[in-house]
Amino acid sequence: MLLAAAALFVNGFGVYLTIHASIGAGPWDVLNLGISHTTGILYGTASILVSVTILLIDIVMKEPIGIAMFIDAVVVGKAVDFFDFIDIIPIPRSLPLSILMMLVGLTIMGYTQYGYMKAALGCGPRDTLLVGLSKRLKKIPIGVVSIALLSLATLIGYLLGGPVGIGTIICAFGSGPIMQLAFITMKFKATEIKHQKLLDSFKVFLGKEPDYGNKKCDN
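Residues numbered from 1 in each chain as written. Predicted model: local features only at pLDDT ≥ 70, side-chain atom pairs only at ≥ 80, totals over all residues. Heavy atoms only, no water.

Enquirer: Please clarify how helix α8 (residues 166–185) should be interpreted in this entry.
Expert: Structurally, the α-helix is built with 3.6 residues per turn, so residues lying three or four positions apart point the same way. With 20 residues, α8 extends 27 Å between its outermost C-alpha atoms, agreeing within 8% with the 28 Å of an ideal straight helix rising 1.5 Å per residue. Its axis deflected by about 45° at Gly-174, α8 carries its strongest bend there, up to four residues before the proline Pro-177. Check the buried side of α8 and you find it contacts α1 (2–20), α2 (27–39), α5 (95–118) and α7 (142–159). In the segment just after α8, Lys-187 is the residue with positive phi, at about 55°. (Helix = DSSP H or I, 4+ residues; strand = E, 2+ residues; numbered from the N terminus. Expected span 1.5 Å × (residues − 1). Bend = angle between axes of the 7 residues up to and from the residue. Contact = heavy atoms within 4.5 Å.)

See below:
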């Protein structure tokens, strides 16, 4: 659990860099920042609200729930707030530097996603939502479902005042390949991971042997 939390905290630094690049944010971050802009709440608080909403949808769809969902919902957003508060990295003054910062952030996110998934404590709320929707929309490829979901998040976030730009396109089309490259370099096969269910995690706390079952994330 500490490994997952640490990985997600560093993942938050990667997210912070993609936002700080100031050329548009990733689809879900456009939504989080749009909510933050409209309501005046912190990015991290908006992120938690979005994650909890998605988590409730996952529960209604009766998708498997792991403790990592709750860690993910809190740690990443608040890590972004922390790095924004200490403000030690200046905003890039040129487009090439902004793109470089964006790519560095995505690379950090890709490698920390490996650390987070290796902990095998379950999938994040958004990944679970994607898998759940794909199960129910069997005639539609999961890639199309993913694009539709990201487009909806971007549209709502944009209407709420979230930043959309070239960085949004880079995040939307670059995050997947960069994460896959991270998995390849670490010789990590995400589909072979058997994740703990929420009950399994409580068993571990109690010193009992968990039943991992066959719960997997699709990537």
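Enquirer: Just checking my understanding: could you explain the side chain of Thr-112 for this structure?
Expert: Here Thr-112 shows up in helix α5. Judged by relative accessible area, Thr-112 falls into the buried class, the value being 10%. Only 3.0 Å separates the side chain of Thr-112 from the side chain of Asn-11, close enough to count as a polar contact. Within the structure, the side chain of Thr-112 is placed 2.7 Å from the backbone oxygen of Ile-108, a separation counted as a polar contact. Residues within four places of Thr-112 in sequence aside, it is in contact with Ala-7, Val-10 and Asn-11. (Buried < 20%, exposed > 50% of the residue type's maximum accessible area, 1.4 Å probe, protein only. Polar contact = N/O pair within 3.5 Å; in protein donor to acceptor, adjacent residues only side chain to side chain.)

Enquirer: How do you make sense of the nonpolar core when you look at a structure like this?
Expert: Where a protein is soluble and globular, its nonpolar side chains tend to be buried together. Membership of the largest hydrophobic core comes to 31 residues, with the highest contact counts inside it found for Met-102, Leu-106, Tyr-116 and Phe-183. Within the residue set of this core, elements represented by two or more residues are α1, α2, α4 (67–86), α5 and α8. By size, the runner-up hydrophobic cluster in this structure holds 10 residues, among which are Trp-28, Ala-46, Met-61 and Leu-149. (Core = buried A, V, L, I, M, F, W, Y, C linked by side-chain atoms within 4.5 Å.)

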